[in-house]
Amino acid sequence: MVNDLSERTTLLATLSNAFGPPGNEVNVAEILKKELEDFADEVRVDKLGNIFFYHHGRERYPNVMLAAHMDEVGFLVTFIETTGFLRFQTLGGIPSNILPGQTILLRGEKRDFKGIIGTKPPHIMTDEEKKNVVPIEDLFIDIGAESLEEANNRGMEIGALGVFDIEFAELGGGYLRGKAFDDRAGCTVLVEVFKALKDSHYNLVAVGTVQEEVGGRGARTAAWQLEPDYGLALEGTFAADVPGSREDRMSATLKGGPVITIMDRTTITHPAVLRTLITLGKEKAIPFQFKKVPMGGTDAGVIHLTKAGVPSGTVAVPCRYIHGPVALTHIDDLSNTITLTTEFVKAISRQ
Ligand code: CO
């Protein structure tokens, strides 16, 4: 158990530290491949960059698709000022009020750049400016370049992608801090569940999907190719168990177990999937909680609408502060999500 825990922590750390904004998920795909290629009957990457790991079981069992998105919220360089400052667009839902002062890692063709999202210093802001959120178009990234020419010469260019620049850390007591837990927590679950089922007779495809944060794009084409009988999106979802949150608005809490979606903006979980998850949680005494605020969407939103429809749902690891620079989760939630998902694949396959 101790080994399992430290292995899982190490895997989450590796995935969390990896670079993977929407449109450039190759580093995350490489990590998944390294973890799973010896466990898979077949590995395949499609034209958009989704990576598929197949476990072929017996013919009588349904095809179960597990999806975890490899991308994270990020940044796109849209313009370089003559003074060397970069203008940018966000990729995925990042509130602009948290942006000023963040450290950013940008990837150019030749090398990486460390930068800071800058604003006018507070000392010279008017009282009005201090109260207001600075819109994204007025923010900039400072990479320490003195001119457009210097930025170009160093390899910075329009189209460079970036992510928050944060190193994973263990805080003690099982609490884990890092960037991109949405959805590297889901990727960790994907890896562990696939490994756990390697000797089973079930038919499973684990998919690392691309471009979820900009609208479930990879999962759409992935599910179309697979035509699964069931789909389950594995996620890192928001927990708001922090001072000032009303209990009914917390949605999920840390150490409350895997978060089962009943409904969100894009899906109503199929009753067969929902019932199976709830029954397993109760029968196997795996702690679980429901997502209590039906906001957000996951890959299940596009998977369930594939062709004639795919009974689908979402199970997520609760994480505080997602869609910001750094999130917090607990190892128990990660472990319980792995257990519930593994049991789900077994149970739904036998239905
Ligand atoms: Co997500």
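Just so it is clear, the model here is predicted, and its values are computed rather than measured.

**Considerations on helix 5 (residues 181-196)**
Inference 1: Given a rise of 1.5 Å per residue, 16 residues ought to cover 22 Å, and the 21 Å separating the end C-alpha atoms of helix 5 matches this to within 8%.
Inference 2: For helix 5, the tally of buried residues reaches 14 of 16 residues, placing the bulk of the element in the interior.

**A short note on the packing of helix 5 against helix 9 (residues 331-349)**
Inference 1: Contact pair helix 5 / helix 9: the axes reach a minimum separation of 9 Å and the direction vectors enclose 50°. On the basis of the axis angle, helix 5 is oblique to helix 9. The hand of the helix 5/helix 9 crossing is right-handed. Touching Ala185, Thr188, Val189, Glu192, Val193 and Ala196 of helix 5 are Leu334, Thr337, Ile338, Thr341, Thr342 and Val345, all from helix 9.

**What to know about the domain arrangement of the protein chain**
Inference 1: According to the domain assignment, the protein chain contains domain 1 (2-72 + 179-349) and domain 2 (75-164).
Inference 2: Its C-alpha centre places domain 1 at a distance of 32 Å from the equivalent point of domain 2.
Inference 3: Together, the buried faces of domain 1 and domain 2 total about 1,000 Å²; carbon and sulfur atoms form 69% of this surface.
Inference 4: Run the count over domain 1 and domain 2 and you get zero salt bridges.
Inference 5: Of the residues assigned to the side of domain 1 that touches domain 2, the class counts are five nonpolar, six polar and three charged.

**Quick notes on the packing of helix 2 (residues 26-36) against helix 5**
Inference 1: Across the interface, helix 2 lies against helix 5 with an axial gap of 10 Å and an inter-helix angle of 20°. Our classification of the angle between helix 2 and helix 5 gives roughly parallel. Taken as a pair, helix 2 and helix 5 cross one another with a handedness that is right-handed. Side by side, helix 2 and helix 5 meet where Val28, Leu32, Glu35 and Leu36 of the first sit next to Arg184, Cys187, Leu190, Val191, Phe194 and Lys195 of the second.
Inference 2: Across the contact of helix 2 with helix 5, the residue classes break down as seven nonpolar, no polar and three charged.

**Quick word on the pairing of strand 4 (residues 74-80)**
Inference 1: Across six bridges, strand 4 lies against strand 5 (residues 86-91) in antiparallel orientation. Bridge pairing in strand 5 places Val77 opposite Phe88.

**Structural notes on the packing of aromatic side chains**
Inference 1: Scanning the model with the defined rule gives eight aromatic pairs in all.
Inference 2: Judged by centre distance (5.7 Å) and plane angle (70°), the rings of Phe75 and Phe88 are edge-to-face. Of this pair, Phe75 sits in strand 4 while Phe88 is found in strand 5, placing the two residues 13 residues apart along the sequence.
Inference 3: What links up through ring pairs into an aromatic cluster is the set Phe75, Phe88 and Phe164.

**Topic: the side chain of Asn50**
Inference 1: By the element assignment, Asn50 lies in the loop between strand 1 (42-45) and strand 2 (51-55).
Inference 2: Residue Asn50 is classed as buried on the basis of its relative accessible area, which comes to 0%.
Inference 3: A polar atom in the side chain of Asn50 sits 3.0 Å from the backbone nitrogen of Val210.
Inference 4: One polar contact links Asn50 to Thr221, side chain to side chain, over a distance of 3.3 Å.
Inference 5: Residues within four places of Asn50 in sequence aside, it is in contact with Arg44, Val45, Val207, Gly208, Thr209, Val210, Gly218, Ala219, Thr221 and Ala222.

**What about the environment of Leu99?**
Inference 1: Here Leu99 shows up in the loop between strand 5 and strand 6 (103-107).
Inference 2: The spatial distance from the C-alpha of Leu99 to the C-alpha of Val310 is 38 Å, given a sequence separation of 211 residues.
Inference 3: Among all residues touching Leu99, those that are not within four sequence positions of it are Phe75, Phe88, Thr90, Ile94, Ile117, Ile136, Leu139 and Phe164.

**Brief notes about unusual backbone geometry**
Inference 1: Cis peptide bonds are those with omega within 30 degrees of zero, and the linkage from Asp182 to Asp183 qualifies with 20°.
Inference 2: Although it is not a glycine, Tyr321 sits at a positive phi angle of roughly 70°.
Inference 3: Relative to the helices and strands, Tyr321 resides in the loop between strand 16 (312-320) and strand 17 (327-330).
Inference 4: Even without glycine at this site, His323 takes up a positive phi of about 70°.
Inference 5: Examined against the element boundaries, His323 turns out to sit in the loop between strand 16 and strand 17.

Criteria and cut-off values
Residues numbered from 1 in each chain as written. Predicted model: local features only at pLDDT ≥ 70, side-chain atom pairs only at ≥ 80, totals over all residues. Heavy atoms only, no water. Helix = DSSP H or I, 4+ residues; strand = E, 2+ residues; numbered from the N terminus. Expected span 1.5 Å × (residues − 1). Buried < 20%, exposed > 50% of the residue type's maximum accessible area, 1.4 Å probe, protein only. Axes fitted to C-alpha atoms, helices over the stretch in contact; angles between N-to-C directions. Parallel < 35°, antiparallel > 145°, perpendicular 65-115°, else oblique. Left-handed = near helix turned anticlockwise from the far one by under 90°. Contact = heavy atoms within 4.5 Å. Domains from an automatic or database assignment. Buried area = accessible area lost by both parts, 1.4 Å probe. Salt bridge = Lys/Arg side-chain N within 4 Å of Asp/Glu carboxyl O. Nonpolar A, V, L, I, M, F, W, Y, C, P; charged D, E, K, R; others polar. Pairing = 2+ DSSP bridges. Phe/Tyr/Trp six-rings, centres within 6.5 Å; stacked < 30°, edge-to-face > 60°. Polar contact = N/O pair within 3.5 Å; in protein donor to acceptor, adjacent residues only side chain to side chain.

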